[in-house]
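Geometric and topological summary
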Amino acid sequence: MAVGRLTAWRILAAFNDYMTGFVIREAQERGAPREEGISEAERAALAEPYIRELVAGGEFPRLGPMIEEGVQGADDNFERGLGWVLDGIEAHLRGGPEGRS
């Protein structure tokens with residue numbers, strides 16, 4: 001699928017933004033307990049009031065059940081999210097001439 005230089009640049013920027021955000025979050029999650037000198041359980045306890053506030057606010061109705069039931073972590077988060085990003089780009093590009101700008 002041929003795209004113009006501007007579209008190619010935008011695709012590269014979207015990928016870079018996704019990758020950078022993922023790497024920063026991973027680094028923060030792994031480094032924070034070590035830097036702060038606290039355990040993961042202590043860190044979770046510190047975040048709990050903020051999360052409860054988000055749930056209570058009602059702005060994120062699906063967050064409450066996820067927190068209450070727990071969410072299993074997955075080793076494929078990067079690959080799965082990247083697939084979603086790329087699928088969205090592909091769908092946009094297949095949407096017609098305005099999608100290829």
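A short tour of the structure in this document, coming up.

What counts and what doesn't
Residues numbered from 1 in each chain as written. Predicted model: local features only at pLDDT ≥ 70, side-chain atom pairs only at ≥ 80, totals over all residues. Heavy atoms only, no water. Helix = DSSP H or I, 4+ residues; strand = E, 2+ residues; numbered from the N terminus. Contact = heavy atoms within 4.5 Å. Areas by Shrake-Rupley, 256 points an atom, 1.4 Å probe, with all protein chains shown as cover. Phe/Tyr/Trp six-rings, centres within 6.5 Å; stacked < 30°, edge-to-face > 60°. Salt bridge = Lys/Arg side-chain N within 4 Å of Asp/Glu carboxyl O. Buried < 20%, exposed > 50% of the residue type's maximum accessible area, 1.4 Å probe, protein only.

In this section: the overall build of the protein chain. In terms of helices and strands, the protein chain carries 4 helices and 0 strands. Across the protein chain, contacts joining residues at least 24 apart in sequence account for 53% of those joining residues at least 6 apart. Summing over all exposed atoms, the protein chain offers an accessible surface of approximately 8,200 Å²; the carbon and sulfur share of this is 57%.

Glancing now at the packing of aromatic side chains. Under the criterion given, the structure shown has 3 aromatic pairs. Seen in terms of ring centroids, tyrosine 18 and phenylalanine 78 are 5.4 Å apart; in terms of plane orientation they differ by 35°. Their pairing is tilted. Here tyrosine 18 is found in helix H1 (residues 5-36), whereas its partner phenylalanine 78 is found in helix H4 (residues 77-93), with 60 residues between them in sequence.

Another aspect to go through is the pattern of salt bridges. Taken as a whole and assessed by the stated rule, the structure comprises 4 salt bridges. Glutamate 26 serves as the salt-bridge partner of arginine 25, at 3.9 Å between the closest nitrogen and oxygen. The residue glutamate 90 makes a salt bridge to arginine 94 at a minimum N-O spacing of 2.9 Å. Looking at glutamate 90, the relative accessible area reads 36%, which means it is partly exposed. Arginine 94 gets classed as exposed once you look at its relative accessible area, which sits at 59%.

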